[in-house]
Amino acid sequence: MGLASAVRLDVPVVPDAPEARDLVIEELSKPEYAAAKPTLFDLVSQEFFAWLARLFQPGDSVPLDWLPVAILGLVIAGLVVALLIWGVPRLNRRSRPAPGLFGDDDRRTATELRAAAARAAGAGDWTLAVLEQFRAVARGLAERTIVLVSPGTTAHDFAGRAGSAFPAAADELAWAADGFDRVRYLAEEGSSDQYERLRALDGRLQKQAPASSEALDPVPVA
């Protein structure tokens with residue numbers, strides 16, 4: 001009897017509040033409780049499937065549950081409409097390095113080519129001025145991704161595609177390509193009139209928008 005009484009006196013039957021809190025914390029810190037605790041992924045998954053179930057519960061769906069679905073649908077529809085109207089973005093095309101021009105490893109910008117043509121004209125070298133100004137026309141349309149050129153593109157290939165984008169200037173572009181070939185390959189001399197006519201063509205094209213986008217693909221290599 002004495003031993004049983006001593007045990008009952010050492011272990012209180014009803015612990016006070018601090019002791020009870022400590023006992024609960026000690027119990028919950030055991031590994032089996034930690035393993036049974038749901039993870040963040042479990043909680044998110046439960047919420048998602050509960051929301052999904054509410055969407056398709058007849059008569060019990062909360063209208064606000066459909067709001068994210070409606071917003072997502074509107075965003076997707078807007079993207080589809082934008083692609084149909086404007087096509088795939090061509091920013092990556094503008095970031096590419098400039099290819100060669102008409103068989104030459106010429107990577108100058110349209111602005112640089114126009115300046116070179118003006119310097120040649122100022123020095124009275126009309127042949128070089130004509131060649132540089134025609135290259136400026138081609139580079140200008142390539143920079144605008146209207147007609148993309150490759151190192152093997154010929155002057156007439158370029159003029160044909162540019163004429164599809166600018167029908168009103170098609171004859172002038174064909175004339176420019178023919179003059180470029182004669183000056184470059186047949187050793188004809190350029191003239192001040194030819195240069196001024198090319199410069200005027202370049203100026204008009206800079207201010208115009210293409211009639212169609214069919215010329216956006218790279219011109220085939222000759």
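Throughout this document, residue positions are counted from 1 along each chain, in the order its sequence is written. The predicted origin of the model limits local features to residues at a pLDDT of at least 70 and limits the giving and counting of side-chain atom pairs to 80 or more, whereas totals for whole chains, interfaces and linings rest on all residues. The side-chain figures draw on all heavy atoms in the structure; neither hydrogens nor water molecules are used.

Structural notes on the nonpolar core
Line of reasoning, step 1. Counting residues in hydrophobic clusters, the biggest one holds 34 residues, and the most contacted among them are Phe102, Phe134, Leu141, Phe158, Phe166, Leu173 and Leu205.
Line of reasoning, step 2. For this core, the secondary-structure elements that each account for two or more residues are α7 (110-122), α8 (126-143), α9 (155-165), α10 (170-185) and α11 (192-207).
Line of reasoning, step 3. The helix count covers DSSP runs of H or I at least four residues long, the strand count covers runs of E at least two residues long, and both are numbered beginning at the N terminus. Per element, the largest residue contribution to this core is nine residues, and it comes from α8.
Line of reasoning, step 4. Note on contacts: a residue pair is in contact if any heavy atoms of the two residues lie within 4.5 Å. The residues touching Phe158, leaving out its near neighbours within four places in the chain, are Phe102, Phe134, Val137, Ala138, Leu141, Val147, Val149, Thr153 and Leu173. For this analysis, a nonpolar core means a set of buried residues of the types Ala, Val, Leu, Ile, Met, Phe, Trp, Tyr and Cys, connected via side-chain atoms within 4.5 Å. For the exposure calls, accessible area comes from a 1.4 Å probe over protein chains only, and a residue counts as buried if that area is under 20% of its type's maximum, exposed if over 50%, partly exposed in between.

A few points about a nonpolar patch on the surface
Line of reasoning, step 1. A cluster of nonpolar residues, Leu72, Ile76, Val80 and Leu84, forms a patch on the protein surface that exposes about 410 Å² of accessible area.
Line of reasoning, step 2. For Leu72, the location among the structural elements is in helix α5 (residues 67-86).
Line of reasoning, step 3. With relative accessibility at 53%, the residue Leu72 sits in the exposed group. Patch definition: residues with relative accessible area over 30% and no salt bridge; like charges joined within 9 Å; nonpolar side chains (Val, Leu, Ile, Met, Phe, Trp, Tyr) joined within 5 Å. Using a 1.4 Å probe, accessible areas were evaluated by the Shrake-Rupley method; residue-level cover was limited to the displayed protein chains. What makes a salt bridge here is a side-chain nitrogen of Lys or Arg within 4 Å of a carboxyl oxygen of Asp or Glu, nothing more.

Examining the packing of aromatic side chains
Line of reasoning, step 1. Two rings from Phe, Tyr or Trp (for Trp, the six-membered ring) form a pair when their centres sit within 6.5 Å of each other. Planes less than 30 degrees apart are called stacked, planes more than 60 degrees apart edge-to-face, and all others tilted. In total, this model carries three aromatic pairs according to the counting rule given.
Line of reasoning, step 2. A positively charged side chain is recorded as over a ring if its NZ (Lys) or CZ (Arg) lies within 6 Å of the ring centre. The angle to the ring normal must also be within 35 degrees. Sitting above the plane of the Trp175 ring, Arg197 keeps its charged end 3.7 Å from the centroid.

Comments concerning the pattern of salt bridges
Two side chains carrying opposite charge are able to pair once their charged atoms lie near each other.
Line of reasoning, step 1. Tallying each qualifying case throughout the model produces seven salt bridges.
Line of reasoning, step 2. A salt bridge links Arg108 to Glu132, with the shortest nitrogen-to-oxygen separation between them at 2.8 Å. With Arg108 in the loop between α6 (91-95) and α7 and Glu132 in helix α8, this pair connects stretches of sequence that are 24 residues apart.
Line of reasoning, step 3. By relative accessible area, Arg108 is classed as partly exposed at 28%.
Line of reasoning, step 4. A relative accessible area of 6% places Glu132 in the buried class.

Comments concerning α10
Line of reasoning, step 1. Compared with the 22 Å implied by 1.5 Å per residue over 16 residues, the 22 Å span of α10 between its first and last C-alpha is a close match.
Line of reasoning, step 2. Where α10 is concerned, the buried positions are Glu172, Leu173, Ala176, Ala177, Gly179, Phe180 and Val183. Buried residues along α10 cover an arc of 165 degrees about the axis, so they all sit on one side. Turned more than 90 degrees off the buried face of α10, the exposed positions are Asp171 and Tyr185.
Line of reasoning, step 3. Turning to α10, the residues buried within the fold contact α8, α9 and α11.
Line of reasoning, step 4. Of the residues flanking the end of α10, it is Ala187, one or two places downstream, whose phi is positive at about 60 degrees. Here a helix's expected span is defined as the number of its residues, less one, multiplied by 1.5 Å. Directions are taken from the helix axis to each C-beta atom, and the arc is the one they span.

Regarding the confidence of the model for the protein
Line of reasoning, step 1. How sure the predictor is of each residue is captured by pLDDT, a score from 0 to 100. Averaged over the protein, the pLDDT score is 76; the fraction of residues at 70 or greater is 61%.
Line of reasoning, step 2. Confidence drops under pLDDT 50 across residues 91-95; counting only partners more than four residues distant or on other chains, this segment forms seven contacts.

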